[in-house]
2 protein chains.
Amino acid sequence: MKRAYPTPQDAEAAFYEALERGDLEAMMDVWAEDEEIVCVHPTGPRLSGYEQVRESWSQIFKSRQRLQVRLSNQVRVQGMMLSIHSAHENIQVAGESKPHPPMVVTNVYLRTGTGWRMLVHHASPAPAPPPAAEGPKILH
Amino acid sequence: MKRAYPTPQDAEAAFYEALERGDLEAMMDVWAEDEEIVCVHPTGPRLSGYEQVRESWSQIFKSRQRLQVRLSNQVRVQGMMLSIHSAHENIQVAGESKPHPPMVVTNVYLRTGTGWRMLVHHASPAPAPPPAAEGPKILH
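Residues numbered from 1 in each chain as written. Chains lettered and ligands numbered in written order. Predicted model: local features only at pLDDT ≥ 70, side-chain atom pairs only at ≥ 80, totals over all residues. Heavy atoms only, no water.

### Comments concerning the interface of chain A and chain B
Listed per partner, the contact involves 26 residues of chain A and 27 residues of chain B. Regarding the contact of chain A and chain B, the summed buried area is about 2200 Å², with carbon and sulfur atoms giving 69% of it. For the chain A face of the interface with chain B, the top three residues by lost area are Arg46(A), Val75(A) and His122(A), together amounting to 26%. Here chain A and chain B share zero salt bridges between them. The set of elements that each furnish at least two residues to the side of chain A that touches chain B consists of β1 (38-40), β3 (67-78), β4 (82-93), β5 (103-112) and β6 (115-125) of chain A. Looking at the side of chain A that touches chain B residue by residue, the class counts come to 15 nonpolar, nine polar and two charged. (Contact = heavy atoms within 4.5 Å. Buried area = accessible area lost by both parts, 1.4 Å probe. Salt bridge = Lys/Arg side-chain N within 4 Å of Asp/Glu carboxyl O. Helix = DSSP H or I, 4+ residues; strand = E, 2+ residues; numbered from the N terminus. Nonpolar A, V, L, I, M, F, W, Y, C, P; charged D, E, K, R; others polar.)

This is the structure we're talking about:
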């Protein structure tokens with residue numbers, strides 16, 4: 001029994017919860033079935049179709065890394081059937097003190113007969129931010 | 001006077017023609033105005049808004065490189081207002097004999113009052129393909 005996501009935001013929240021927990025069934029529940037879904041992991045090839053996408057998440061979740069993902073810089077354009085979300089993914093890996101440079105992500109959601117589902121996930125590394133200017137610290 | 005693109009495919013053709021010619025005005029004609037447009041050049045930061053996007057193309061076109069871009073592996077999902085195109089960009093730079101590894105691209109087009117316009121262009125390098133198996137050449 002698939003969950004129904006009433007809004008693209010609900011589908012997006014479920015996607016990142018599944019990613020953080022490394023939960024393959026929850027992850028694949030978010031994706032549209034019967035559609036030519038597209039997934040690009042950072043620096044990875046363009047995957048399309050349910051089987052390729054499922055296999056990629058299965059491989060990724062084998063590492064059993066626990067992640068926390070915070071979205072920032074969000075831009076959204078929603079139509080009747082499709083919703084486009086651009087954001088930065090700020091990823092913190094459990095046990096690592098330093099945050100990773102953000103990923104740039106384009107997520108597309110499709111309204112289906114069973115609510116909104118993910119159609120496209122395209123993530124790529126953002127360039128590292130320039131080092132903070134190291135001027136003298138002036139306290140007051 | 002802006003051109004009207006009757007279909008997302010017309011807008012896409014105009015986008016790649018402008019890219020090949022390095023024509024800034026033609027390029028910016030393709031993009032939606034009055035929308036929070038998003039552009040990610042390969043390995044680049046997420047740009048949003050007309051001014052950031054225009055400035056980035058202006059910088060890119062200063063190199064005056066002539067390109068040929070051939071799309072392959074195309075996947076399209078079109079709604080009433082939004083059209084999502086995933087593809088590989090196969091780029092040939094004039095004067096270079098070797099083709100570049102393909103870029104993975106997600107292009108999103110929006111139906112506006114003046115036809116279809118680009119809303120999102122997200123390009124990132126695809127991994128280099130594995131070297132061809134170097135077995136003995138068997139001619140027949």
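Next, the rest of the story.
### Brief notes about the relation of the copies chain A and chain B
Here two copies of a chain appear, and what relates them is a rotation about an axis with a shift along it. Least-squares fitting of chain A to chain B yields an RMSD of 0.0 Å, with the transformation described by 0.0 Å of translation along the axis and a rotation of 180°. Both copies of the chain, as the preceding transformation shows, are related through a two-fold rotation axis. Comparing interface residues between copies, 100% of those in chain A also lie at the interface in chain B; the contact surface is shared. (Least-squares fit on C-alpha atoms with pLDDT ≥ 70 in both.)

### A word on the nonpolar core
Membership of the largest hydrophobic core comes to 54 residues, with the highest contact counts inside it found for Phe15(B), Leu19(B), Met27(B), Trp31(B), Trp57(B) and Leu119(B). Ignoring sequence-local partners within four residues, the contact set of Trp57(B) consists of Phe15(B), Leu19(B), Leu24(B), Met27(B), Met28(B), Trp31(B), Cys39(B), His41(B) and His121(B). Membership of the second largest hydrophobic core comes to 31 residues, among which are Met27(A), Trp31(A), Phe61(A) and Trp116(A). (Core = buried A, V, L, I, M, F, W, Y, C linked by side-chain atoms within 4.5 Å. Buried < 20%, exposed > 50% of the residue type's maximum accessible area, 1.4 Å probe, protein only.)

### Regarding the sheet that holds strand β3 (residues 67-78) of chain B
Residues and elements named next belong to chain B. Strand order across the open sheet formed by six strands is β2-β1-β6-β5-β4-β3, with mixed pairing between neighbours. Whereas interior strands pair on both sides, the edge strands pair on one side only; in this sheet they are β2 (46-48) and β3. With strand direction ignored, the average angle separating the axes of adjacent strands in the sheet is 25°. Direction of pairing for strand β1 (residues 38-40) relative to β2: antiparallel, over a ladder of three bridges. Paired with Val38 across the two strands is Ser48, which belongs to β2. Its contacts with the sheet place helix α1 (residues 8-21) against β3, β4 (82-93), β5 (103-112) and β6 (115-125), and it is angled at close to 160° to β3. Contacts between helix α3 (residues 50-61) and the sheet are confined to β1, β2 and β6, with β2 contributing the most and set at about 120° to the helix. (Pairing = 2+ DSSP bridges. Axes fitted to C-alpha atoms, helices over the stretch in contact; angles between N-to-C directions.)

### Observations regarding the sheet that holds β5(A)
Residue and element names in this part refer to chain A. The six strands lie next to each other as β2-β1-β6-β5-β4-β3, forming an open sheet whose pairing is mixed. Here the strands that pair on one side only, and so sit at the sheet edges, are β2 (46-48) and β3. On average, adjacent strands in this sheet sit at an angle of 25° to one another, irrespective of strand direction. The sheet contact formed by β5 and β6 spans ten bridges and is antiparallel. Considered in β6, the bridge of Thr106 is made with His122. Along the sheet face, helix α1 (residues 8-21) touches β3, β4, β5 and β6 and points at about 160° away from the line of β3.

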